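The lines below spell out each chain.
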Amino acid sequence: MFCHLRPMRRLCLEKIFPHWFPYSRALSGAEAVNALRPFYFAVHPDFFGQHPVEREINENSLKRLSVYLENLQKPGFKSLKPTQLTFYVRETDQSSSDGQEPFSTSGFRAVKFTLHTRDLLSTVLYILNSCSLSVEHIQSLNTNVHTQPLKEAKRMPDRPIKWDKSYYSFTGFKDPDEDLEQVSRMETTLTWQRSWGVAHRCSQLHSLSRLAQQNLETLKKAKGCTIIFTDRSGMSAVGHVMLGTMDVHHHWTKLFERLPSYFDLQRRLMILEDQISYLLGGIQVVYIEELQPVLTLEEYYSLLDVFYNRLLKSRIPFHPRSLRGLQMILNSDRYAPSLHELGHFNIPALCDPANLQWFILTKAQQARENMKRKEELKVIENELIQASTKKFSLEKLYKEPSISSIQMVDCCKRLLEQSLPYLHGMHLCISHFYSVMQDGDLCIPWNWKNGEAIK
């Protein structure tokens, strides 16, 4: 009686979702937030200030959507009640009115859809497609996309054969479940904020391993995130999970349990960045870890919120999208705006709006030229690093994050003029001082001169 139900459902998905959908891996909570960014920008209530009815509808629908997404991420959920949502979607670059109600004179249209999906990826795709927003950016999140044509995929059985583990031991074939498990492990990246030695790193990894053995389900909440060992616990301004090396397991466990609320704050932060960009003619708000103080997600959100409210009150006029392609970083320790040599604007959160408008408009062309120069420098830097690595037979040549491309280029050019046979097989780090790390990496200042740093 129900023999045709599965093929019909498969056909519907093929019409709605891209050809790579059946083979995509599951999205993490953080990836889902990033993937839905165009949607949040198109429906956020703050853009409907002059339309109170539409604003309230979008607010209520976003709350219900947030609950739906949170429930999808809860371990052991079986099914969710279908949720009908209505959104008013603003006209954006990605919006298209194909198959949807046309835009009104106010520049938005109503979209209605019902969520009945069972995973984050299909939910994200369904939302974007329902609002006629692009889904191309999601493909880059799926590293396990197969190139197999859809027609070939249809021949695959709906219930693949499940062999016992002994089958793979006897035949020598690879167990696909083990491969999948290995890929799953790779989705979470581990890194360090400081150059600790091998012994310290092993100790930190051992602590994390013990936590995984004791409370694996809690640790799974960080799937898809970057975990960074640093001096304090929390989530960084760029969305990395920070594990304080002096904290005990109890603090780490509480942090992992709070990740869903951090993901929600991260979503609101990205919306705030988009709102600031909208008010400033399309200039992109970025956070550059190498050039800014280390901030938690809460600290950075508070900084953005202060700046946004000042902009909102002043209503300084910028031509829409006139500054697209430019970048700015927000600072709390400056009182006057400046233009960095790499092309981005340094903007203090308490900057006078009138002065800000004048400064950005007069420096916009110079900023574009600096950004172009930055890209050219990056190419030269990479070429010099490869040439230096090859000439001195280095095992590794790298720089500290605080070293600029200009400094690295200058350092490598002068290195290539030297004969340094004793560097063979070494790890060389370009830094601000001379030192030897615990694991044997040799650090030299970028401005070395006859074995001595320039004062």
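Residues numbered from 1 in each chain as written. Predicted model: local features only at pLDDT ≥ 70, side-chain atom pairs only at ≥ 80, totals over all residues. Heavy atoms only, no water.

Caption draft 1: Seen up close, the overall build of the protein chain. Tallying secondary structure elements over the protein chain gives 16 helices and 16 strands in all. With 455 residues in all, the protein chain has 43% of them scored as buried. Within the protein chain, residue pairs in contact and separated by at least 24 positions form 64% of the contacts whose partners lie at least 6 positions apart. Carbon and sulfur atoms provide 54% of the accessible area of the protein chain, an area that totals close to 26200 Å². (Helix = DSSP H or I, 4+ residues; strand = E, 2+ residues; numbered from the N terminus. Buried < 20%, exposed > 50% of the residue type's maximum accessible area, 1.4 Å probe, protein only. Contact = heavy atoms within 4.5 Å. Areas by Shrake-Rupley, 256 points an atom, 1.4 Å probe, with all protein chains shown as cover.)

Caption draft 2: The arrangement of the sheet that holds strand β3 (residues 189-192) in detail. With respect to topology, four strands assemble into an open sheet ordered β3-β4-β6-β5, the strand pairing being mixed. Of all the strands in the sheet, just β3 and β5 (234-235) have a single pairing partner and so form its edges. Where β5 meets strand β6 (residues 241-244), two bridges bridge the pair, whose relative direction is antiparallel. Its bridge partner being in β6, Gly234 is matched across the sheet by Met242. Contacts from helix α12 (residues 249-257) reach β4 (226-230), β5 and β6 within the one sheet, and its direction differs from that of β6 by about 165°. (Pairing = 2+ DSSP bridges. Axes fitted to C-alpha atoms, helices over the stretch in contact; angles between N-to-C directions.)

Caption draft 3: Spatial organisation of helix α13 (residues 259-279). With 21 residues, α13 ought to run about 30 Å at 1.5 Å a step, and its terminal C-alpha atoms sit 30 Å apart, in line with that. With 16 of 21 residues buried, α13 lies mostly within the body of the structure. Gly281 sits one or two residues past α13 and shows a positive phi near 70°. (Expected span 1.5 Å × (residues − 1).)

Caption draft 4: Expanded view of the nonpolar core. Of all hydrophobic cores here, the largest spans 56 residues; its most connected members are Phe256, Leu280 and Phe307. Examining the composition of this core, we find that nine residues originate from one element, α13, more than from any other. Residues within four places of Leu280 in sequence aside, it is in contact with Phe307, Leu311, Ile316, Phe318, Leu323, Met328 and Leu356. Judged by nonpolar contacts, the second largest core, of 31 residues, contains Ala35, Leu36, Val89 and Phe113. (Core = buried A, V, L, I, M, F, W, Y, C linked by side-chain atoms within 4.5 Å.)

Caption draft 5: Inspection of the pattern of salt bridges at higher detail. Going through the model one piece at a time under the given rule, you end up with eleven salt bridges. The salt bridge involving Glu59 is made with Arg55; its shortest N-O contact spans 3.4 Å. Here Glu59 pairs with Arg55, and both are found in helix α4 (residues 52-73), just four residues apart, close to one helical turn. Look at Glu59 and you get partly exposed, because its relative accessible area is 31%. Close ionic contact of Asp410 with Arg414 constitutes a salt bridge, the shortest N to O distance being 3.3 Å. One end of the pair is Asp410 and the other is Arg414, both in helix α16 (residues 405-415) and four residues apart, which spans about a single turn. The class for Asp410 is partly exposed, based on a relative accessible area of 32%. Linked through salt bridges whose partners overlap, the residues forming this network are Arg37, Glu273 and Asp274. (Salt bridge = Lys/Arg side-chain N within 4 Å of Asp/Glu carboxyl O.)

Caption draft 6: Structural context of the packing of helix α15 (residues 353-391) against α16. Taken N-terminus to C-terminus, the directions of α15 and α16 make an angle of 35°; their axes are 9 Å apart at the nearest point. Here α15 runs over α16; the crossing is left-handed. Listed contacts from α16 to Leu377, Lys378, Ile380, Glu381, Leu384, Ile385 and Ser388 of α15 are Ser405, Ile406, Met408, Val409, Cys412 and Lys413. Of the residues that constitute the contact of α15 with α16, the class distribution is eight nonpolar, two polar and three charged. (Left-handed = near helix turned anticlockwise from the far one by under 90°. Nonpolar A, V, L, I, M, F, W, Y, C, P; charged D, E, K, R; others polar.)

Caption draft 7: Highlighting α16. When we look at burial in α16, the residues that qualify are Ser405, Gln407, Met408, Val409, Cys411, Cys412 and Leu415. On its buried side, α16 packs onto α15, β11 (396-399), β12 (427-431), β14 (442-445) and β15 (448-449).

Caption draft 8: Quick look at the sheet that holds β11. Pairing is mixed across the open sheet formed by four strands, whose spatial order is β11-β12-β14-β13. Pairing within the sheet leaves two strands with one partner each, and these edge strands are β11 and β13 (435-436). As paired elements, β12 and β14 share four bridges and run parallel to each other. Paired with Leu428 across the strands is Leu442, a residue of β14. Across the sheet, α16 is in contact with β11, β12 and β14; its angle to β11 comes to roughly 145°.

Caption draft 9: Spotlight on the packing of α12 against α13. Their axes nearest at 5 Å, the elements α12 and α13 cross at an angle of 50°. Taken as axis vectors, α12 and α13 run oblique relative to one another. When α12 is examined against α13, the residues Leu255, Phe256 and Glu257 are found in contact with a partner set consisting of Leu259, Pro260 and Tyr262. (Parallel < 35°, antiparallel > 145°, perpendicular 65-115°, else oblique.)

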